[in-house]
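Notes for the structure review
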Amino acid sequence: LSPTSSLAPTDSQGTGAPTPSTETPTTLPTERPTIPSLPVVPASLFSVLYNTGGGNPSDDQFNEAEGITIMYINEFLRRIFEFGLDAMFEEFVAAGVSTELDPIRIGYEGIAVFGENSEFPPSQEGIDLLILTAFQQPNVATLLSMLQALPAESPFSATSSVQYIQ
């Protein structure tokens, strides 16, 4: 081969220009594995009114009450779906989105996350109804005892009742 020789095929008209290959590549580009998306059901925005008998909570005290309330809802939903075969509950992911002092109130938004093998996760209305049920007697007694276990400096430790507001 001379330094000017080429191994590329040339066109049939003799111009010397290389012809594009029409062969299919023997290896296909690999696709990235897809991560299955888990079924999520958003809850409607809701608020919880905490009847504490007075006192203005600090930001840290609001955060404590928020965390306890979300943990309570999470455990309540876990118990509800514990033996269900159609919807495999994973967790309730939520956050407080607003607070008020008079009356003491925290607004929440959240989603219920279900496992990838869940065939029939509940609707938004179903999740909303279950959350409402969590704030009714006798269920809500658990939340009240959790809040009342907070240090005495927290106004939430004197919570006598809570009210779900949608």
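Relevant structure appears above.
Notes on the structure follow. The residue numbers shown here count from 1 along each chain, following its written sequence. It should be noted that, the model being predicted, local features are given only for residues of pLDDT at least 70 and side-chain atom pairs only at 80 or more, the latter also being counted only at that level, while totals for whole chains, interfaces and linings use all residues. Just so you know, side-chain values use all the structure's heavy atoms and leave hydrogens and water out.

Before going further, it helps to spend a moment on helix 3 (residues 141–148). Exposure classes here rest on a 1.4 Å probe applied to the protein chains alone. A residue is buried below 20% of its type maximum, exposed above 50%, and partly exposed in between. Secondary structure is summarised from DSSP: a helix means a run of H or I of at least four residues, a strand means a run of E of at least two, and numbering begins at the N terminus for each. Regarding helix 3, the residues found buried are Leu143, Leu144 and Leu147. Looking straight down helix 3, one finds that the buried residues subtend no more than 100 degrees of arc, so they occupy a single side. The criterion used for residue contact is that any of the two residues' heavy atoms lie within 4.5 Å. Taken together, the buried residues of helix 3 touch strand 2 (46–51), helix 1 (59–81) and strand 5 (161–165). Starting at the helix axis, one direction is taken to each C-beta atom, and the arc is that of these directions.

A word on the pairing of strand 2. Summarising burial for strand 2: five of the six residues are buried, a large majority. Strand pairing is defined by DSSP finding a minimum of two bridges between the two strands. Alignment of strand 2 against strand 4 (residues 105–114), held across four bridges, turns out to be antiparallel. Within strand 4, the residue paired with phenylalanine 46 across the bridge is tyrosine 108. Judged from the five bridges that link them, strand 2 and strand 5 form a sheet pairing that is antiparallel.

Turning our eyes to something else, we now look at the packing of aromatic side chains. The geometry of an aromatic ring pair is captured by two quantities: the separation of the ring centres and the angle between the planes. Each Phe, Tyr or Trp ring, with Trp reduced to its six-membered ring, pairs with another whose centre is within 6.5 Å; inter-plane angles below 30 degrees give stacked pairs, above 60 give edge-to-face pairs, and intermediate values give tilted ones. For the coordinates displayed, the defined rule picks out ten aromatic pairs. Ring centres 6.3 Å apart and planes at 35 degrees place the aromatic pair tyrosine 72 and phenylalanine 76 in the tilted group. Highlighted residues: tyrosine 72 and phenylalanine 76, both in helix 1, separated by four residues, approximately one helical turn. Accessibility expressed as a relative area gives 2% for tyrosine 72, which makes it buried. Consider the rings of phenylalanine 81 and phenylalanine 114, whose centres lie 5.3 Å apart with planes at 85 degrees: the pair is edge-to-face. Separated by 33 residues along the polypeptide, phenylalanine 81 in helix 1 and phenylalanine 114 in strand 4 bring together distant segments of the chain. We note that phenylalanine 81, like phenylalanine 114, is buried. In this structure an aromatic cluster arises from ring pairing among Phe46, Tyr72, Phe76, Tyr108, Phe135 and Tyr164.

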